[in-house]
Amino acid sequence: MIEAESGQVFASAVLQVILDRGGFVKKNAILFIPVARLGGMDVIQMLQQLIIKKKRATLVPLLGINGTLHAAKALNEIPKHFKSKQGAVVLSCKKNFKLIAQILGMKSIDLEDEIIPDFGFVDLYYPFQTLKGQILKAFISNDFKIRFLDENDKIRKSVPAQTPDELKTQFKAITKEIRLLVKHQKQALEQSMITERRWSKMAWDKHFLNKPLMFAFVQTVVWAAYDKSGKIVETFMVAQDKALENVEYDEVELTDNMYLGIVHPLHLSSDDVEAWS
């Protein structure tokens, strides 16, 4: 079996051969599958750019063959560049996204969660040092903006002037990606409430308490913990310090066998709805 790193080196070399011979055209078709199967980020990005720029639906299955989280993310991003949601490219992206989910042994909806990035943040923050030696921590606020916390716990809305240029560029790129993700995630969470989606305690912790963008979202809605029969055991919201608090601001403890979901107001008593309002 070819090791992943060696396979990517080989795929990059073959990709260059393909480009030297006119690109992803019919005469080079015999090389497409090995490049797709073994390729790393350079291959995935090249395919993503070609599919978007040239509207090449025939290249979409190559991302499915790649079968990685990075390929799944590309398949999730490509449709955002097309107005029609029923076009050949978009439909093929959906089909191959499902294929990767099957390859990875998960449902498509869980794969959608999995590809939400953490942006390299550690415990919801990105610590860094300015050129003057000042220590700050970047985080994503509840209005889905990158903010900066200084050593005196003062929040700054803009990146300090003495931040290294490389980091400034990185924060700009993250800001752009956040804008693309927020609209979709708002719709996804609303749909999760309507369809009564449930997360296991472990999956919920991983997705909502450890990813900075999703942590910003998790604080904006009322959650319910359900037992195996689907009965509501507790309702709560998430505080800035990750504490789970009920309507009386008492901290609640959840067990690992509970399931969590966004509670629909119709499933609450009128008193509970008023209390949470």
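What this report covers is the structure whose coordinates are included nearby. (Residues numbered from 1 in each chain as written. Predicted model: local features only at pLDDT ≥ 70, side-chain atom pairs only at ≥ 80, totals over all residues. Heavy atoms only, no water.)

**Things to note about the overall build of the protein**
Reasoning step 1: On a plain count of helices and strands, the protein comes out with eleven helices and nine strands.
Reasoning step 2: Within the span of the protein, comprising 277 residues, buried residues form 42% of the whole.
Reasoning step 3: Pairs at least 24 apart in sequence give 55% of the contacts found in the protein among residues at least 6 apart.
Reasoning step 4: Carbon together with sulfur atoms contributes 54% to the accessible area of the protein, which is approximately 16,100 Å² in total.
Reasoning step 5: For the protein, the centre of its 37 positive side-chain charges and the centre of its 33 negative side-chain charges are spaced 15 Å apart. (Helix = DSSP H or I, 4+ residues; strand = E, 2+ residues; numbered from the N terminus. Buried < 20%, exposed > 50% of the residue type's maximum accessible area, 1.4 Å probe, protein only. Contact = heavy atoms within 4.5 Å. Areas by Shrake-Rupley, 256 points an atom, 1.4 Å probe, with all protein chains shown as cover. Lys, Arg positive; Asp, Glu negative; His and termini not counted. Charge placed at Lys NZ, Arg CZ, Asp CG, Glu CD.)

**Quick notes on the sheet that holds strand β4 (residues 155–156)**
Reasoning step 1: The antiparallel open sheet is built from four strands, whose spatial order is β1-β2-β3-β4. At either end of the open sheet lies a strand with only one pairing partner, and these are β1 (126–129) and β4.
Reasoning step 2: Across two bridges, strand β3 (residues 146–149) lies against β4 in antiparallel orientation. Counted as the bridge partner of L149 is I155 from β4. (Pairing = 2+ DSSP bridges.)

**Section: the sheet that holds strand β5 (residues 199–200)**
Reasoning step 1: With antiparallel pairing, the five strands of this open sheet are ordered in space as β5-β9-β6-β7-β8. The two strands at the open ends of the sheet, each matched to only one other strand, are β5 and β8 (244–245).
Reasoning step 2: Of the strand pairs in this sheet, strand β7 (residues 232–238) and β8 are connected by two bridges, and their pairing is antiparallel. Bridge pairing in β8 places V238 opposite L244.

**Points about helix α3 (residues 41–54)**
Reasoning step 1: Between its first and last C-alpha, α3 extends 19 Å over 14 residues, near the 20 Å set by a 1.5 Å rise per residue.
Reasoning step 2: Looking only at α3, the buried set comprises V43, I44, L47, Q48, L50 and I51. Seen along its axis, α3 keeps its buried residues to an arc of 165 degrees; they face one direction. Residues of α3 that are exposed and point over 90 degrees away from its buried face: Q49 and K53. (Expected span 1.5 Å × (residues − 1). Arc of directions from axis to C-beta.)

**A word on the side chain of S141**
Reasoning step 1: For S141, the location among the structural elements is in the loop between β2 (135–140) and β3.
Reasoning step 2: Leave out the neighbours within four places in its chain, and S141 touches R147 and A216.

**Here's the deal with the packing of α3 against helix α5 (residues 69–77)**
Reasoning step 1: Across the interface, α3 lies against α5 with an axial gap of 10 Å and an inter-helix angle of 15 degrees. If you check the angle between α3 and α5, you find them roughly parallel. The two elements α3 and α5 cross, and the hand of that crossing is right-handed. Residues M41, I44 and Q48 of α3 pack against H70, A71, A74 and E77 of α5.
Reasoning step 2: Looking at the contact of α3 with α5 residue by residue, the classes come out as four nonpolar, two polar and one charged. (Axes fitted to C-alpha atoms, helices over the stretch in contact; angles between N-to-C directions. Parallel < 35°, antiparallel > 145°, perpendicular 65-115°, else oblique. Left-handed = near helix turned anticlockwise from the far one by under 90°. Nonpolar A, V, L, I, M, F, W, Y, C, P; charged D, E, K, R; others polar.)

**A closer look at the pairing of strand β6 (residues 223–226)**
Reasoning step 1: By the alternation rule, side chains of β6 split into W223 and A225 and A224 and Y226, which are all buried.
Reasoning step 2: Bridge count for β6 against β7 is four bridges, and the pairing is antiparallel. Directly across from W223, in β7, lies its bridge partner F236.
Reasoning step 3: Taken together, the four bridges between β6 and strand β9 (residues 259–262) define a ladder with antiparallel strand orientation. By the bridge assignment, Y226 is partnered in β9 with Y259.

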